[in-house]
Amino acid sequence: MTLTDIGAAQVMQAVEEFDRLGRRAFLERYGFGPSRTYRLVVDGRSYDSKAIVGAAHGHLPGQRPLKPSEFSGGLDHAVRLLTDLGFRVERSSAVEADADRLVERIAKLRVASTVGGPRLYQPITLLWAVGRALRGEPRMLSWEETATALRGLLGRHGLRGERPRPDYPVLALHRAGLWSLEGHTGEVPSAHGDAALHQWFSEQRPEGGLAAPVHALVAGSGQARVAVVGAIVERFFDGLDEVPLLEEVGLYEDSVADDPVHDGDAGPVDPVAAAAQYEKWCALVDRREARDGVRYRERTVRDPLRSGPARRAVLIRCGDRCENPECPGQPDDRTDRGLPLLEVDHVVELAAGGRDHPSQMVALCPNCHAVKTRGRSRDRLREILLEVALERHRRGPLPS
């Protein structure tokens, strides 16, 4: 087996197959995970570079696709092959790589188990801190403020029989490198024992909060925030109703996917970057829908960990323009951020069986949104918009 047998024709056959199947189905077919470091870019669209190379080998005469374990996707192997063939390969953003690493650390947290599942001390504490970061609140709090807030949350949302012990999760997360404790003397104790821990916190009264790099990541990146919250929910709340907790800590809103507002955010966007960002948001939506679609439909039709990323994807895709092909002209005015006056809408209402997915959502100017909602021609317009949403989803972002 050698990668050098693969030519540009085989790569393009794999790319076409990727487009035909969709990202998730393509990766599942060939047994690859998402590319975390390098991505192939073709005609403004982003592809998982290692998976493309593995599939391309199967398009050689008499050859089979390669498995992930049979070759490397790094600079000296798959990336070099693609660049030598004249293709463009880009490194994933530092934010995305950091988010992947943080998700991996959350998956490796050491948490005691009970008959009702894993203990919820640490995940509740993390979600509380992520919610504070989303609202722009200070990273560090006094121990008195932290303990008061966490006792209430742990008492209301912990598993039955769990005592609301804020000292335990804070020390466990500190040991895992996810929590900072400052203003104390001597070593921080391990998360064992009741009286000794109570005495240490009473005497030291440290300030605490998310570790600075973790806080910066979840405060500054909606994509990272959604990935982290989703990872916590997926690992610790399987079979449980996490919605009341997410509502209380401020993470059950579509804004969970939003980035903070900065001057100049509405400037021109590189089309290749927009296409890659659109794929990332859609991947988060697809993963959430694949995991929770049935269970959530039985309980509720709303899921901000899916609808927030879906809304962000649609706003990237529309290129700052109303997606109604019959739009008579959207307003020239813009928001305080300099963004176009557009509203993301579900073509098929969630209560009627619609999906929180970009393929069934559109960006509309206020006028077209009103027509779609209560105009006499709304039924005909909805049929048009459903076709538009699917076609735009397949095509990807428009240039802004």
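First, a word on what this report is: a plain description of the structure on this page.

The rules behind each value
Residues numbered from 1 in each chain as written. Predicted model: local features only at pLDDT ≥ 70, side-chain atom pairs only at ≥ 80, totals over all residues. Heavy atoms only, no water. Helix = DSSP H or I, 4+ residues; strand = E, 2+ residues; numbered from the N terminus. Rg over C-alpha atoms; globule rule 2.2 N^0.38 Å. Buried < 20%, exposed > 50% of the residue type's maximum accessible area, 1.4 Å probe, protein only. Contact = heavy atoms within 4.5 Å. Axes fitted to C-alpha atoms, helices over the stretch in contact; angles between N-to-C directions. Parallel < 35°, antiparallel > 145°, perpendicular 65-115°, else oblique. Left-handed = near helix turned anticlockwise from the far one by under 90°. Nonpolar A, V, L, I, M, F, W, Y, C, P; charged D, E, K, R; others polar. 1 Å grid on protein atoms, 1.4 Å probe; cavity = no way out; pocket = protein on both sides within 12 Å on 5 of 7 lines; lining within 4 Å. Points joined across faces, edges and corners; volume = space filled by probe spheres on them. Arc of directions from axis to C-beta. Salt bridge = Lys/Arg side-chain N within 4 Å of Asp/Glu carboxyl O. Phe/Tyr/Trp six-rings, centres within 6.5 Å; stacked < 30°, edge-to-face > 60°. Polar contact = N/O pair within 3.5 Å; in protein donor to acceptor, adjacent residues only side chain to side chain. Disulfide = S-S within 2.5 Å.

## Section: the overall build of the chain
Next, step 1: In terms of helices and strands, the chain carries 16 helices and nine strands.
Next, step 2: Relative to the 2.2 N^0.38 estimate, which gives 21 Å for 400 residues, the radius of gyration of the chain is 24 Å and therefore close to what a compact globule would have.
Next, step 3: Its C-alpha atoms give the chain principal-axis dimensions of roughly 65 × 65 × 40 Å.
Next, step 4: Per-residue burial over the chain gives 48% buried out of 400 residues.
Next, step 5: Sequence separation of 24 or more characterises 72% of the internal contacts of the chain that already satisfy a separation of 6 or more.

## Things to note about the packing of helix α2 (residues 23-30) against helix α3 (residues 49-57)
Next, step 1: Here α2 crosses α3 at 55°, and the two axes come no closer than 10 Å. With respect to α3, the axis of α2 lies oblique. Here α2 and α3 pass one another in a crossing that is left-handed. Together, Phe 26, Leu 27 and Tyr 30 of α2 and Ala 51, Ile 52 and Ala 55 of α3 make up the contact between the two elements.
Next, step 2: Looking at the contact of α2 with α3, its residues break down into six nonpolar, no polar and no charged.

## Quick word on empty space enclosed by the protein
Where empty space is left becomes clear once a probe the size of a water molecule has been rolled over the atoms.
Next, step 1: Following the criterion strictly, the structure yields five cavities of 30 Å³ or more and no others.
Next, step 2: Reported here for the largest cavity is a volume of approximately 130 Å³.
Next, step 3: Around the largest cavity, the lining is made up of 10 residues, and of these Val 226, Gly 230, Leu 284, Arg 287 and Arg 288 lie nearest the centre.
Next, step 4: Broken down by element, the lining of the largest cavity gets its largest block of residues, five residues, from helix α11 (residues 222-236).

## Notes on the environment of Arg 119
Next, step 1: With respect to the helices and strands, the residue Arg 119 is situated in the loop between β5 (117-118) and α6 (121-134).
Next, step 2: Each C-alpha atom of the pair Arg 119 and Ile 6 lies 50 Å from the other, and the pair is 113 residues apart in sequence.
Next, step 3: Dropping the residues within four chain positions of it, Arg 119 is found in contact with Val 111, Ala 112, Thr 114, Leu 159, Glu 162 and Phe 236.

## Some points on α2
Next, step 1: Taken together, the buried positions of α2 are occupied by Arg 23, Phe 26, Leu 27 and Tyr 30. Buried residues of α2 fall within an arc of 95° about the axis and therefore sit on the same side. Along α2, the residues that are exposed and aim more than 90 degrees away from the buried face are Glu 28 and Arg 29.
Next, step 2: Once α2 ends, the next one or two residues include Gly 31, with phi positive near 75°.

## Remarks on helix α10 (residues 212-220)
Next, step 1: If you check which residues of α10 are buried, you get Val 214, His 215, Leu 217 and Val 218. Each buried residue of α10 sits inside an arc of 165° when the element is viewed along its axis, so together they form one side.

## Let's talk about the pattern of salt bridges
Next, step 1: Applying the stated criterion across every chain yields a total of 22 salt bridges.
Next, step 2: Arg 29 serves as the salt-bridge partner of Glu 17, at 2.7 Å between the closest nitrogen and oxygen. On the criterion of sequence distance, the pair formed by Glu 17 in helix α1 (residues 8-21) and Arg 29 in helix α2 is long-range, its members being 12 residues apart.
Next, step 3: Residue class for Glu 17 comes out buried when judged on its relative accessible area of 5%.
Next, step 4: Here Arg 29 falls in the exposed class, since its relative accessible area comes to 52%.
Next, step 5: Arg 288 is the partner of Glu 242 in a salt bridge, and the nearest nitrogen-oxygen pair spans 3.5 Å. Highlighted residues: Glu 242 in the loop between α11 and α12 (243-248) and Arg 288 in helix α13 (residues 271-299), separated in sequence by 46 residues. Each member of the pair Glu 242 and Arg 288 is classed as buried.

## Structural notes on the packing of aromatic side chains
Next, step 1: With the rule as written, the count across this model stands at eight aromatic pairs.
Next, step 2: For the pair Trp 200 and Phe 201, a centre-to-centre distance of 5.0 Å together with 90° between the ring planes defines the contact as edge-to-face. The two residues Trp 200 and Phe 201 agree in class, both being buried.

## Topic: the side chain of Glu 323
Next, step 1: Relative to the assigned elements, Glu 323 resides in the loop between α14 (304-317) and β8 (343-346).
Next, step 2: The exposure class of Glu 323 is buried, given its relative accessible area of 0%.
Next, step 3: Polar contacts involving the side chain of Glu 323 include one to the side chain of Arg 317, which spans 2.8 Å.
Next, step 4: Residues contacting Glu 323, with those up to four places away along its chain left out, are Val 314, Arg 317, Cys 318, Met 361, Val 362, Ala 363, Leu 385, Val 388 and Arg 392.

## Things to note about the packing of helix α15 (residues 366-374) against helix α16 (residues 378-395)
Next, step 1: One can describe the packing of α15 onto α16 by two numbers: an axis separation of 7 Å at closest approach and a directional angle of 115°. In terms of crossing hand, the pair formed by α15 and α16 is left-handed. Touching Cys 368, Val 371, Lys 372, Thr 373 and Arg 374 of α15 are Arg 378, Leu 381, Arg 382 and Leu 385, all from α16.
Next, step 2: Class assignment for the residues of the contact of α15 with α16 results in four nonpolar, one polar and four charged.

## Description of the state of the cysteines
Next, step 1: Taken as a whole and judged by the stated rule, the model has zero disulfides.
Next, step 2: The closest cysteine sulfur to the non-disulfide-bonded Cys 322 is located on Cys 368, 3.8 Å from its own sulfur.
Next, step 3: For Cys 322, a relative accessible area of 10% corresponds to the buried category.
Next, step 4: Cysteine Cys 368 shares no disulfide, and the gap to the nearest cysteine sulfur, in Cys 365, comes to 3.6 Å.

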